[in-house]
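Chain residues, written in single-letter form:
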Amino acid sequence: MESKKFLLQEKDIPTAWYNVVADMPRKPRPLLNPVTKEPMKAEDLFPLFSEEVSRQEFNDTDRWIEIPDEVRDMYRIWRPTPLVRARGLEKALDTPAHIYFKNESVSPVGSHKLNSAIPQAYYCKKQGVTNITTETGAGQWGAALSLAARHFGLELAVYMVKVSYHQKPYRRSIMQTYGAEVIASPSMSTKAGRKIITENPHYQGSLGTAISEAVELAMATPNCKYTLGSVLNHVALHQTVIGLEAEKQMEMAGEYPDVVIGCFGGGSNFSGVTFPFMRHNLAGERSTRFIAAEPASCPKLTRGVLQYDFGDEAGYTPLIPMYTLGHNFAPANIHAGGLRYHGAGAVVSQLREDGFIEAVDIPQLETFAAATLFARSEGIIPAPESSHAIATAIREAQKAKEEGTSKVILFNLSGHGLIDMASYDSYIAGDLQNYEVTDEMVQANIASLDKII
Ligand SMILES: *Cc1c(COP(=O)(O)O)cnc(C)c1O
């Protein structure tokens, strides 16, 4: 019988992360201080982040960065993750393409986010930090960080967007089970929160507000650092364990991907699955295609501009050179909450500008149709975010069929959807819709950006 899964041993968990910046023909533009607009250095981030991730953020020379034993040890809870040949999906599509997926949904919190939560918590612990803060929207990042913080004995405060706090109670329960303090944002515990509540008592919160609260608490509390679950270079770096394992597993399968696909929010799982394969393109040895799959309601890579912009709505963070829809862009309330982010990370943005990355945007209904087909043919109910990658893989497989060519497709299954069943309920009931972003909406937001690039 032919193999369904390709499995590695614990000893095969990577010993170093891959830093793509070392191999880039053009390095990403620097982060800028939001006030002076001067390029920043690692030390400038020390007040906010752990020193080690601050250094990683600016490291553009070391191709390999060693994974600490304490981090690898915790990765062992669920890594290496399986690489799966999606034979059921291939059959359902009647395609000559070979489809593989890397199953990151098997982590204890059900997504890839734990790959970076662990090193971020570890580096804080190592430098003597006792408390950490973060924000979370739908709760995936907060859940991952809660487990990592508990493991390393750190106190964690998570600001969770108020509407999600009430509408997605199970991810809140997960965080609380691991022992984190979860605060509905806006809250009365920070200046930023009090100001908003005073002005608008019924405000249901946003990621931008939650970031402001988490940053304010970290800056005001001794021995406290802030952490972020996507967008920044060090987060993408930590996620490369996905692609490094997948590379070995594709070799076990005796194939090499023609196309690698990841869904795209801030870019961490996309970077994680693609960068290790991209290094062979950068070295001129391969010409693999890399496709970022974003929602049609939040299309920064397909319809945004490359410009310096803030990472948050409030404008507290450094200015990041990114494909962006403008930090004031308010995406429609789609169910793939993890993809509702206005910009892409600096490294991905540079690689896109230099032609190494393609991007597609997918309407919401197509993602749920793809998710349902995947659930029925492969057995796993995917996260609404991951369904964007599945829909893109299906488009590629159908193209292969039309062209009568064989093709090897790899996509990252970033998470499962078992805590997102309310969104499947809406789909089954016929209550979901597509959202169009008009050019006027995009232009209006982009027009407010400083023209630095
Ligand atoms: C957070 C999340 C995403 C989007 O974040 P990226 O940084 O773009 O990877 C995608 N899938 C799942 C399951 C998530 O939890």
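Computed from a predicted model, the values in this text were never measured in an experiment.

J.: Explain the site of the ligand to me, please; I cannot follow it from the model alone.
T.: Around the ligand, 18 residues are found, and the nearest of them are K113, S230, G265, S268 and N269. Within the side chain of H112, an N or O atom sits 3.2 Å from an oxygen atom of the ligand. Side-chain polar atom of N269 to an oxygen atom of the ligand: 2.7 Å apart, as the coordinates give it. Protein burial of the ligand: of its 380 Å² of free accessible surface, 97% is covered by the chains. Split into classes, the residues belonging to the shell around the ligand amount to four nonpolar, 12 polar and two charged.

J.: Hey, could you run me through empty space enclosed by the protein in this one?
T.: Rolling a probe over the atoms, with the probe sized like a water molecule, indicates the empty space that remains. In the structure shown here, the tally under the stated rule is four cavities of 30 Å³ or more. Broken down by secondary-structure element, the contributors of at least two residues to the lining of the largest cavity are helix 2 (51-58) and helix 11 (233-239). Per-element tally for the lining of the largest cavity: the top contributor is helix 11, with four residues. Looking at the lining of the largest cavity, its residues break down into eight nonpolar, five polar and one charged. One number sums up the size of the second largest cavity: a volume of about 70 Å³. Around the second largest cavity, the lining is made up of 13 residues, and of these P295, I334, P363, Q364 and H388 lie nearest the centre. Ranked by the residues each element gives to the lining of the second largest cavity, the list is headed by helix 16 (residues 364-378), at three residues.

J.: Is there a simple way to think about the UniProt feature "domain: Tryptophan synthase beta chain-like PALP" (unreviewed entry) in the protein chain in this case?
T.: Here the UniProt feature "domain: Tryptophan synthase beta chain-like PALP" (unreviewed entry) sits at residues 78-415. Secondary structure over residues 78-415 splits into 44% helix and 19% strand, and the C-alpha atoms at its two ends are 13 Å apart.

J.: Where do I start with the sheet that holds strand 9 (residues 224-226) in this structure?
T.: In sheet architecture, strand pairing relies on hydrogen bonds along the backbone and comes in two forms, parallel and antiparallel. Overall, parallel pairing links the four strands, which are arranged 8-7-6-9 in an open sheet. Each edge of the open sheet carries a strand with a single partner, namely strand 8 (181-185) and strand 9. Between one strand axis and the next, the sheet turns through 25° on average, direction left out of account. Note: strand 7 (residues 155-161) against strand 8, five bridges, orientation parallel. Looking at the pairing, V158 lines up with V182 of strand 8. Running at roughly 170° to strand 6 (residues 131-136), helix 10 (residues 207-220) makes contact with strand 6, strand 7, strand 8 and strand 9 of the sheet.

J.: Sorry if this is basic, but what is going on with the UniProt feature "modified residue: N6-(pyridoxal phosphate)lysine" (unreviewed entry) in the protein chain here?
T.: According to UniProt, the "modified residue: N6-(pyridoxal phosphate)lysine" (unreviewed entry) feature falls on K113. Residues contacting K113, with those up to four places away along its chain left out, are Q140, W141, A144, G229 and Q239.

J.: How should helix 9 (residues 191-199) be read in this particular structure?
T.: A turn of α-helix holds 3.6 residues, and therefore any two residues three or four places apart point the same way. If you check which residues of helix 9 are buried, you get A192, G193 and I197. On an axial view of helix 9, the arc spanned by its buried residues comes to 125°, and they lie on one face. Turned more than 90 degrees away from the buried face of helix 9 sit K191, K195, T198 and E199, all of them exposed. The elements touched by buried residues of helix 9 are helix 7 (162-167) and helix 10.

Analysis parameters
- Throughout, a residue's number is its position along its own chain's written sequence, starting from 1.
- In keeping with the model being predicted, local features are shown solely for residues with a pLDDT of at least 70 and side-chain atom pairs are shown and tallied solely at 80 or more, while totals for entire chains, interfaces and linings include all residues.
- Excluded from the side-chain calculations are hydrogens and water; all other atoms, namely the structure's heavy atoms, are used.
- We call a residue near a molecule or strand whenever a single non-hydrogen atom of that residue lies within 4 Å of it.
- Here a polar contact is recorded for every N or O atom pair within 3.5 Å, except that within protein the pair must consist of a potential hydrogen donor and a potential acceptor, and residues adjacent in sequence are included only if both atoms are side-chain atoms.
- A 1.4 Å probe and the Shrake-Rupley method give the accessible areas. Residues count as covered only by the protein chains that appear here.
- Following the grouping adopted for this structure description, the nonpolar residues are Ala, Val, Leu, Ile, Met, Phe, Trp, Tyr, Cys and Pro, the charged ones are Asp, Glu, Lys and Arg, and the polar ones are all others, Gly among them.
- Think of a 1 Å grid over the protein atoms and nothing else: a 1.4 Å probe that fits but is trapped marks a cavity, an open set flanked by protein within 12 Å on at least five of seven lines marks a pocket, and residues with an atom within 4 Å of a point count as lining.
- Grid points are joined across faces, edges and corners, and a volume is the space filled by probe spheres set on the points.
- By definition, any uninterrupted DSSP run of H or I lasting at least four residues is a helix, any uninterrupted run of E lasting at least two residues is a strand, and each is numbered from the N terminus.
- UniProt positions are given in the numbering used here, feature names are shortened, and annotations may be inferred rather than shown by experiment.
- When DSSP locates at least two bridges between a pair of strands, those strands are taken to pair.
- Only the stretch in contact is used when fitting a helix axis, every axis being a line fitted to C-alpha atoms; angles between N-to-C directions are given from 0 to 180 degrees.
- A contact between two residues is defined here by any heavy atoms of the two lying within 4.5 Å.
- Note on exposure labels: buried denotes an accessible area under 20% of the residue type's maximum, exposed denotes more than 50%, and partly exposed covers the range between, all computed with a 1.4 Å probe on protein chains only.
- Note that the arc is defined by the directions from the helix axis to the C-beta atoms.

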